[in-house]
Structure formats: structure tokens, C-alpha cells
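Structure assessment
Given next are the chains, with one letter for each unit.
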Amino acid sequence: MAQEAIARAAVAALLGATTLLASGAAGAVDLDPFGRVDLRYHGWFVFDDDFEGAARSEDLISRPESRVRLGLRLPSSPEGMEAEVSVVTGDPSVLATQWQPLGALDDPRTISLERAWFGARPDVLPELRVRLGRAPIPWARTGLLWEPQVTLPGLWVDYTHDDPQDPDALRVRVNGGLAYLIADGPNIRDESTLLGAQVAAELPMGSGRLEVALGYFDLSGATFVGQAIGREEAVVAQRPAGFTSNTTDSDAEDAEAELSQRLVEDGLASDFNLISLDGQVTLDLLEHMPLSLRAHVTWNVGASGPGGDQALGLLGGVGLGELERPGRGRVRVHYLRIAADAALDLLNREHYGTNVEGVEVTGDLVVAQGWTIGFVSLYSWQVEPALRGLGDGRGEPIPGDPSSLRTLVNTGYAF
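Bear in mind the structure is a predicted one, so any value in this text is a computation, not a measurement. (Residues numbered from 1 in each chain as written. Predicted model: local features only at pLDDT ≥ 70, side-chain atom pairs only at ≥ 80, totals over all residues. Heavy atoms only, no water.)

A closer look at the overall build of the protein chain
This is how the line gets drawn: Helix and strand assignments follow DSSP, with helices taken as H or I runs no shorter than four residues and strands as E runs no shorter than two, numbered in order from the N terminus. Burial classes: relative accessible area under 20% of the type maximum marks a residue as buried, over 50% as exposed, and values in between as partly exposed (1.4 Å probe, protein chains only). Between two residues, a contact is recorded if the distance between any of their heavy atoms is within 4.5 Å. Note on areas: Shrake-Rupley, 1.4 Å probe, and residue coverage restricted to the protein chains presented here.
Secondary structure assignment for the protein chain yields 3 helices and 17 strands. Going through the 415 residues of the protein chain one by one, you find that 48% of them count as buried. In the protein chain, once contacts between residues fewer than 6 apart in sequence are set aside, the share between residues at least 24 apart is 62%. For the protein chain, the exposed surface amounts to about 18,400 Å²; the carbon and sulfur share of it is 60%.

As for helix α2 (residues 222-230)
Along α2, 7 of the 9 residues are buried, which leaves the element largely enclosed by surrounding structure. Inspection of α2 places A222, V225, G226, Q227, A228, I229 and G230 among the buried residues, and these make up the whole buried set. Elements that come into contact with the buried residues of α2 comprise β10 (208-220), α3 (259-266) and β11 (272-286). Among the residues trailing α2, E232 stands out with phi positive, at a value near 65°.

Comments concerning unusual backbone geometry
Located in the positive-phi region is E232, a residue other than glycine, with phi close to 65°. Within the element layout of this structure, E232 appears in the loop between α2 and α3.

Quick notes on the pattern of salt bridges
For clarity, the cut-off: Any carboxyl oxygen of Asp or Glu within 4 Å of a side-chain nitrogen of Lys or Arg constitutes a salt bridge here.
Taken as a whole, this structure holds 18 salt bridges when the rule is applied. E65 is the salt-bridge partner of R63, the closest N and O atoms lying 2.8 Å from each other. In this structure, the salt-bridge partner of E84 is R115, at a minimum N-O distance of 3.3 Å. Placement of the pair is E84 in strand β3 (residues 81-89) and R115 in strand β5 (residues 111-120), with a sequence separation of 31 residues. Each of the salt bridges in this network shares a partner with another, and the network as a whole consists of R40, R63, E65 and E350.

Considering α3
The line we're drawing: Here the arc refers to the set of directions running from the helix axis out to each C-beta atom.
All buried positions along α3 are accounted for by L259, S260, R262 and L263. Across the axial projection of α3, the buried residues extend over an arc of 160°, all falling on one side. Of the residues trailing α3, G267 is marked for its positive phi of about 70°.

What about the confidence of the model for the protein chain?
In plain terms, the rule: Per residue, pLDDT measures the predictor's confidence, with a range of 0 to 100.
Averaged over every residue, the pLDDT of the protein chain is 83; the share at 70 or more is 81%. Counting interchain partners and residues more than four positions distant, the pLDDT-below-50 stretch residues 1-8 has 6 contacts. Ignoring residues within four places in sequence, the model shows residues 391-398, a span with pLDDT below 50, making 28 contacts including any to other chains.

Observations concerning the nonpolar core
Note the following rule: Remark: nonpolar core denotes a set of buried residues (Ala, Val, Leu, Ile, Met, Phe, Trp, Tyr, Cys) joined through side-chain atoms within 4.5 Å.
Residues W146, L152, L344 and L347 are the most contacted members of the largest nonpolar core, which totals 41 residues. Examining the composition of this core, we find that 4 residues originate from one element, α2, more than from any other. What L347 contacts, discounting residues up to four positions off in sequence, is L95, A96, L145, W146, E147, V150, L152, L181 and L194.

Focus on the side chain of S404
Heads up, the condition is: Distance and chemistry together define a polar contact, namely a pair of N or O atoms within 3.5 Å, with one atom able to donate a hydrogen and the other to accept it when in protein, and with adjacent residues in sequence counting only for side-chain atoms on both sides.
Along the polypeptide, S404 turns up in strand β17 (residues 404-414). A polar atom in the side chain of S404 sits 3.2 Å from the side chain of W44.

Some words on the side chain of E350
Along the chain, E350 falls in the loop between β14 (329-338) and β15 (356-368). Within the local environment of E350, its side chain forms a polar contact with the side chain of R40, the two groups lying 2.8 Å apart. When residues no more than four places from it in sequence are discounted, the contact partners of E350 are R40, T97, W99, E147, A237, Q238 and R406.

Now the structure itself:
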């Protein structure tokens with residue numbers, strides 16, 4: 001079966017990465033240890049919650065949290081081989097975040113394998129990079145679809161074409177991959193894979209630049225993903241176990257039924273065949289304070305059933321500043337609207353989810369080499385009040401669920 005083949009490939013990748021790292025340790029190749037320690041306060045507050053059945057602030061997450069990552073990397077060798085192994089804190093069934101309550105290190109699930117891959121850059125085509133194993137998905141930088149920290153086991157191919165001798169040349173990157181999605185569900189009985197490809201281009205324009213990325217991503221087994229969430233084998237970010245804001249087939253018929261049971265019986269209503277177009281213009285208007293304008297549109301052509309008219313995701317905004325060296329900072333303001341089935345809730349940014357509309361403000365500052373501080377604040381409300389939104393414990397909010405403010409204040413040190 002495909003699951004067994006991918007499992008064998010993942011084991012082979014782990015063994016291959018370990019072998020390469022060991023050979024690097026024994027030979028003349030330098031190994032690069034790396035790590036990062038992060039602390040943050042996660043606050044989630046509900047407004048206008050004075051009607052019966054509404055989610056309330058005390059039901060939602062407000063707490064200090066931590067994340068620790070440690071790893072070892074073998075940079076590209078003269079033979080074109082490379083590898084990486086790392087571990088991270090957090091529950092491995094939560095694919096979209098590794099944050100956990102501060103002081104939860106006594107939980108046996110608190111440390112898990114984050115990355116284990118080995119790769120090659122062929123001599124005949126050095127622009128090509130192939131990786132096998134558990135690695136960051138190559139499209140994990142677009143805000144409407146992926147949490148940037150997501151790693152999945154699979155096969156990843158990346159091709160980059162540019163001219164280092166010409167700073168005004170067009171830079172093109174093509175990447176694709178096939179991943180086994182629910183890699184950490186201990187009792188998952190069905191298969192679900194994610195196939196995707198993206199073409200990105202970057203073109204200098206005087207003192208600025210234009211970046212555009214077009215991608216298509218195809219999830220097979222969306223029903224099985226919903227069933228895994230309902231069985232609590234996969235957890236959606238910071239939501240209660242068994243909860244997702246994606247729709248189920250019974251949403252329109254039995255809105256009062258318990259969500260986890262509906263997911264186990266019916267899975268998700270929509271397939272997820274996602275088209276993504278992301279563009280950004282950066283203009284160097286002020287020294288060390290570039291201005292960026294960004295727009296991102298996603299469309300789920302597989303949306304159906306109760307989620308049939310919940311397929312569109314939009315993000316637009318402006319940013320000022322950059323983070324290239326200590327003392328630099330950046331502020332961004334985004335408007336976003338993500339319909340319930342415009343993205344897969346399981347892999348989307350933890351503070352976005354789906355069925356959400358709002359305004360996001362972020363700020364970051366590089367205090368010193370490796371040390372950053374920042375915040376993210378999202379004031380939001382539901383796109384479709386009749387569907388699921390914030391969630392109140394294991395229940396569901398009633399139509400007209402109130403607006404909320406979600407704030408993340410964090411500091412981290414990377415080495």
C-alpha cells in the first residue's frame with residue numbers, strides 16, 4: 001500500500017540522515033548544530049458574549065507557552081549530499097504548532113521528531129535539490145494556507161534558476177512534493193496524501209522587487225482527515241480535540257449534533273483542491289524601511305456540500321521595515337477573509353483557522369543577533385455565523401458567535 005511505501009521511505013530517510021550525520025561527524029565535514037528557544041503569552045478574548053450559549057473568554061486559551069527546538073545539520077557536501085535531524089517540544093498530533101503550556105515538559109508527548117531528511121544536489125544540475133523524509137513543506141510561507149512550522153514526511157523537489165552575476169535578472173523557483181499527511185495519528189486507519197506544486201518568480205524593479213507565486217495543492221482523503229480529527233488522532237492547532245472549522249457533510253441537516261461524532265461518521269464535506277496566487281511588491285522608499293504591498297488569493301475548487309459556497313480566501317495588506325540585522329524592525333497590517341473550506345484547518349496558521357474575517361497587526365524587532373521579539377494581534381469575527389467559529393469547550397458556538405481578539409506576544413533566541 002502507499003502508506004507502507006511512504007512509511008518505509010520515511011524510515012529510510014531517517015536512517016540515511018543519521019548515517020550522513022554520523023559520517024560527517026567521523027570525517028572532515030563540519031556539522032552545524034542549531035536550535036531555538038521561544039517564549040510567548042497567548043491571549044484569546046471574546047467580546048459581546050452576554051447571550052446564552054456563546055463562547056466566553058474563560059473557555060478559550062490564555063496562557064504563557066514555550067517552544068524548544070534542537071537539531072543537527074550536515075551542509076551540502078562536495079558530493080552534493082546533505083541531511084538534517086531535529087527534535088521539538090509539543091504534542092506531535094498537532095501538526096500546525098509546537099507551542100505548549102509553560103512547564104509541561106513532564107508530558108511524555110512533549111518531545112518529538114520534527115525533521116529527519118537527507119537530500120542531494122546533482123552535479124549535472126546543481127540548481128536541483130531533492131529531499132526525502134520529514135521536512136518543511138516547500139510552500140509553507142503563504143499565510144492563507146500553511147502554518148510556516150509545518151513539517152511532513154514525503155518526497156520534495158526544488159529547482160531554482162537565477163544569475164548570481166546579474167542582480168537585475170529574473171529569479172525563478174519551481175518546487176513540488178508528495179507528502180503523507182496524518183503521519184502522527186497513532187491509529188489512523190485510512191490514507192491521506194498531499195500533492196502540490198508551485199512556481200514562484202522574483203523580478204528586481206529599480207530599487208524594489210516584485211514577487212509572484214502560483215500554486216496548486218491536492219489533498220486526497222479529505223474524508224479520512226475529518227475522521228482522524230473526530231477520533232482525536234489529529235488535533236487542529238489550539239482548538240479543542242475533535243474540533244475543526246471546516247464543514248462536515250451533516251452541517252446543513254443536523255447543526256445541533258455533537259461535532260466529533262459527525263466527523264467520525266461523515267468526515268469533511270469538501271475535497272481540498274486549492275489554487276493559490278500570492279504577490280508582493282517591495283519598494284525601497286526609505287533607507288532600511290522598505291514598503292511592501294501584498295495580496296494573496298486562494299480558491300478551493302473541491303468545495304462542495306455545506307462548504308460549496310465557502311471556497312474563497314483573501315488577504316491584503318501593507319508592511320514597513322525589514323529584519324536583516326540587529327536594530328531593524330517591521331510592522332505589517334493585513335485584512336483577511338478565509339471562508340470555512342477555503343483552506344485545510346489542520347495545516348493553516350494556528351491563529352487563523354477558517355471561517356474567519358478580520359484585521360491582523362504584527363510587529364517584529366531584531367534586538368541582537370539571533371534574538372527577536374514580536375507580537376501578533378488578530379481582531380476577527382465569523383464569515384458565516386451559522387457554521388463553527390471559536391468553539392466553547394467541546395460544544396459549538398450558536399449562530400451569531402461574538403467577535404474576538406487573539407494576541408501573541410513572543411520572544412525567541414536562535415543559534
